[in-house]
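Residues per chain are reported as follows:
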Amino acid sequence: MLITGIKSRPVYDRLQPMTGGQRHLVAGQGSGGAAMLRLIADMSAEQRQHSTLLYSTESFSGHNHLSELLEVQADGLEVYASNQALIAALRERLGAAQMGLRLYLSGSESFIGTAMQAANAVDLNRDEVLREHSGTLVRRVWCAHCDTYTENVTHRVFTCPGCQLDLVVRDHYSRRLAAFQGIKADGEVPGEMPAAEELDT
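Residues numbered from 1 in each chain as written. Predicted model: local features only at pLDDT ≥ 70, side-chain atom pairs only at ≥ 80, totals over all residues. Heavy atoms only, no water.

**A closer look at the pairing of strand β10 (residues 179–184)**
Looking at chain direction, strand β6 (residues 139–143) and β10 are connected through 3 bridges and run parallel. Along β10, the bridge assignment pairs C143 with G182. Taken together, the 5 bridges between strand β9 (residues 166–174) and β10 define a ladder with antiparallel strand orientation. If you follow V169 over to β10, its bridge partner there is G182. Connecting β9 to the antiparallel partner β10 that follows it, the hairpin turn spans 4 residues, and A178 within it adopts a positive phi of roughly 55°. (Pairing = 2+ DSSP bridges. Helix = DSSP H or I, 4+ residues; strand = E, 2+ residues; numbered from the N terminus.)

Now the structure itself:
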C-alpha cells in the first residue's frame, strides 16, 4: 500500500538555552511565539543580550504572540508578515553567521521544515539547533508529478494546485524536501480512489 507502513514524522525538541553559544538566533511563527517567550525567560541576562528574535505573524492556528514578544528584553526583534519573508531573512543571517551560533526554531511543521533547509545549507550541526513544534500538524506536501509544494494539507486525498491531479498523501516525511510526498491517488488502479479521510496528525 502507498499510504500506510513507514511513518517518519520528525521528532521535535523542547526549546531550552544551549550552553556554549556566543550568539542565539530564535526564529518562530504564529503559535511558536509561546515557545520563544518561554526560551527567553529561561535564558540568563547575558544570553538574552546576545539573542536576536525573528517572528512571523502568519499563523495556521490563529495564535499570535507579537504583543508579548515586543516586551521581551533581547538584543533585537524582527517581525515579518509572512513565513516566506522570515525564512528569506533567516537564510541571509545564517549565510553571514560565524562560529558559536545557536539556532532555535518554533512553529508549524512546515515552518520548521523550511527553516531547517536554511540551516542545513550552512551545515549547522544538529547540536547547534533545537526545534519545537507548536500548533496544528497540518502537512506540507510535495507533488511527485509536477514539483509543486502545497501548504496546510489536512486530508489524505487532495487536488494538486499545480497539475490538478488527485493526490494521496504518504506518511513518509522527507527532510530533504521538508515535506510529505503526494502521488497520483489512483496510480495503482485507475479510477480506484482511497478514502479522503482527515490525516492522522
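**What to know about the pattern of salt bridges**
What the rule picks out here adds up to 9 salt bridges. Here E78 makes a salt bridge to R93, at a shortest N to O gap of 2.4 Å. Taken together, the positions of E78 in strand β3 (residues 76–80) and R93 in helix α4 (residues 83–95) put the pair 15 residues apart, joining distant regions of the chain. Linking D186 and K184 is a salt bridge whose minimum nitrogen-to-oxygen distance equals 2.7 Å. One continuous salt-bridge network, built from bridges that share partners, spans R139, R156 and D171. (Salt bridge = Lys/Arg side-chain N within 4 Å of Asp/Glu carboxyl O.)

**Observations concerning the side chain of S174**
If you trace the backbone, S174 turns up in strand β9. Take S174: its relative accessible area is 16%, and that puts it in the buried class. At 3.4 Å, the side chain of S174 forms a polar contact with the backbone nitrogen of R176. A distance of 3.1 Å separates a polar side-chain atom of S174 from the backbone nitrogen of L177. (Buried < 20%, exposed > 50% of the residue type's maximum accessible area, 1.4 Å probe, protein only. Polar contact = N/O pair within 3.5 Å; in protein donor to acceptor, adjacent residues only side chain to side chain.)

**Some details on unusual backbone geometry**
Even without glycine at this site, D123 takes up a positive phi of about 60°. With respect to the element layout, D123 can be found in the loop between α5 (109–121) and β5 (129–133).

**Remarks on the sheet that holds strand β7 (residues 149–153)**
Taken in spatial order, the 5 strands make up an open sheet running β7-β6-β10-β9-β8, and their pairing is mixed. Every interior strand has two partners, whereas the edge strands, β7 and β8 (157–159), have only one. For this sheet, the mean angle separating the axes of adjacent strands, direction not counted, is 45°. Its contacts with the sheet put α5 on β6, β7, β9 and β10, and the angle it makes with β6 is roughly 60°. (Axes fitted to C-alpha atoms, helices over the stretch in contact; angles between N-to-C directions. Contact = heavy atoms within 4.5 Å.)

**Comments concerning the UniProt feature "domain: Dimethylamine monooxygenase subunit DmmA-like C-terminal" (unreviewed entry) in the protein chain**
Per the UniProt record, "domain: Dimethylamine monooxygenase subunit DmmA-like C-terminal" (unreviewed entry) is found at residues 140–183. Between the end C-alpha atoms of residues 140–183 the distance is 13 Å, and the span holds 0% helix and 59% strand. (UniProt positions renumbered as here; feature names shortened; annotations may be inferred.)

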